[in-house]
Amino acid sequence: MSQSFDTAFAAIPTVTVGDVPIAVLDRATTADWMIRAARERRRGRRPLYLTSANGEVLARVAAEPDLAALVRAADQIVADGQPLVVASRLRCHTPLPERVATTDLFHDVARRAEETGVSFYLFGATSEENARAVANVRRAYPRLRIAGHCHGFLAGAALQAKIAEIDALAPDILWLAMGVPHEQRFVATHADRLTRVGMIKTSGGLFNFLSGTNRRAPAWMQRASLEWAYRIWLEPRRLFWRYAVTNPKAIYLMARRSA
């Protein structure tokens, strides 16, 4: 990739939502940027790093300085939460055009990748979830180049060997699904060894949706910023207290620290 493309990618406008810089991008433009970066970026250095923010991330960034540094180190941060879009319309000089949910963005990018030959590597989740996700992706996108895939529970020498293997395979886009903050820490620790990878996209629970284990909230709940409520309904024991703690903090941050 030329220096002009580096400059153009860095120059994507941002607004501050909850004290986090969010790229003013819609899904289609984000997908186009990812494909262009994957195809044009010159290899031999750290891959581009694209991450996402939702209410939970805003609350945790405000409370955890180490995580804040990891998130803000991203080349771009997109809004993976409808409440951020709503807050931007009320508080920011430029509203965010729409939510860029990773669970939707993956399919936008996959369709473009089939046409352009851009390759994926899917890294994360359990072995079973990862395998089911890859099988479903292959059925949905038979012309998509999947360079490889692996579960996310590696450590020590096995992890180091896997990083070397991924770099040798040189996927254009590495979809990294380990959850916050593990995937951000992975980028900080290991990205410098992935110099043949074009881009890393942190992906949270993406593979659980691709595998069919998790279901998306109805569209009306997504539009109404209520997807968190649907997720609590599905997994009350795991998620109730998480959202009970982070939602009030996120609302405060979006109301007071957006511009």
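Up top is the structure.
Residues numbered from 1 in each chain as written. Predicted model: local features only at pLDDT ≥ 70, side-chain atom pairs only at ≥ 80, totals over all residues. Heavy atoms only, no water.

### Focus: the overall build of the protein
Okay, step 1: For the protein, the count of helices and strands is 13 helices and 8 strands.
Okay, step 2: Put simply, the protein has 259 residues, and 50% of those count as buried.
Okay, step 3: Sequence separation of at least 24 residues holds for 76% of the intrachain contacts in the protein that already meet a minimum separation of 6.
Okay, step 4: With an accessible surface of roughly 11700 Å², the protein has 54% of that area assigned to carbon and sulfur atoms. (Helix = DSSP H or I, 4+ residues; strand = E, 2+ residues; numbered from the N terminus. Buried < 20%, exposed > 50% of the residue type's maximum accessible area, 1.4 Å probe, protein only. Contact = heavy atoms within 4.5 Å. Areas by Shrake-Rupley, 256 points an atom, 1.4 Å probe, with all protein chains shown as cover.)

### So, the side chain of Glu-114
Okay, step 1: With respect to the element layout, Glu-114 can be found in helix H6 (residues 102-116).
Okay, step 2: Apart from the residues within four sequence positions on either side, Glu-114 is in contact with Tyr-141, Pro-142, Arg-143 and Leu-144.

### Quick word on unusual backbone geometry
Okay, step 1: The peptide bond linking Val-180 to Pro-181 adopts the cis configuration, its omega dihedral lying at 5°.
Okay, step 2: One can find Pro-181 in the loop between strand E7 (173-177) and helix H9 (182-190).
Okay, step 3: A positive phi angle is found at Asp-19, which is not glycine, with a value near 75°.
Okay, step 4: Here Asp-19 shows up in the loop between strand E1 (14-17) and strand E2 (20-23).

### Details of the sheet that holds strand E8 (residues 199-202)
Okay, step 1: Pairing is parallel across the open sheet formed by 6 strands, whose spatial order is E4-E3-E8-E7-E5-E6. The sheet terminates laterally at strand E4 (76-79) and strand E6 (145-150), the two strands that pair on one side only. Looking at each pair of strands side by side, their axes are set apart by 20° on average, direction ignored.
Okay, step 2: For strand E5 (residues 119-124) and E7, the ladder comprises 5 bridges, and the chain directions are parallel. Paired with Phe-120 across the two strands is Ile-173, which belongs to E7. (Pairing = 2+ DSSP bridges. Axes fitted to C-alpha atoms, helices over the stretch in contact; angles between N-to-C directions.)

### Considering the side chain of Glu-129
Okay, step 1: As for its placement among the helices and strands, Glu-129 is situated in helix H7 (residues 127-140).
Okay, step 2: Overall, Glu-129 belongs to the buried group, its relative accessible area being 8%.
Okay, step 3: Other than its neighbours up to four places away in sequence, Glu-129 contacts Phe-207, Asn-208, Ser-211 and Thr-213.

### Some thoughts on the pattern of salt bridges
Okay, step 1: Enumeration over the complete set of coordinates arrives at 15 salt bridges.
Okay, step 2: Between Arg-72 and Asp-19 there is a salt bridge, with its nearest N and O atoms 3.8 Å apart. Of this pair, Arg-72 sits in helix H4 (residues 65-72) while Asp-19 sits in the loop between E1 and E2, placing them 53 residues apart in sequence.
Okay, step 3: In this structure, Asp-108 and Arg-111 form a salt bridge, with 2.8 Å as the shortest nitrogen-oxygen distance. (Salt bridge = Lys/Arg side-chain N within 4 Å of Asp/Glu carboxyl O.)

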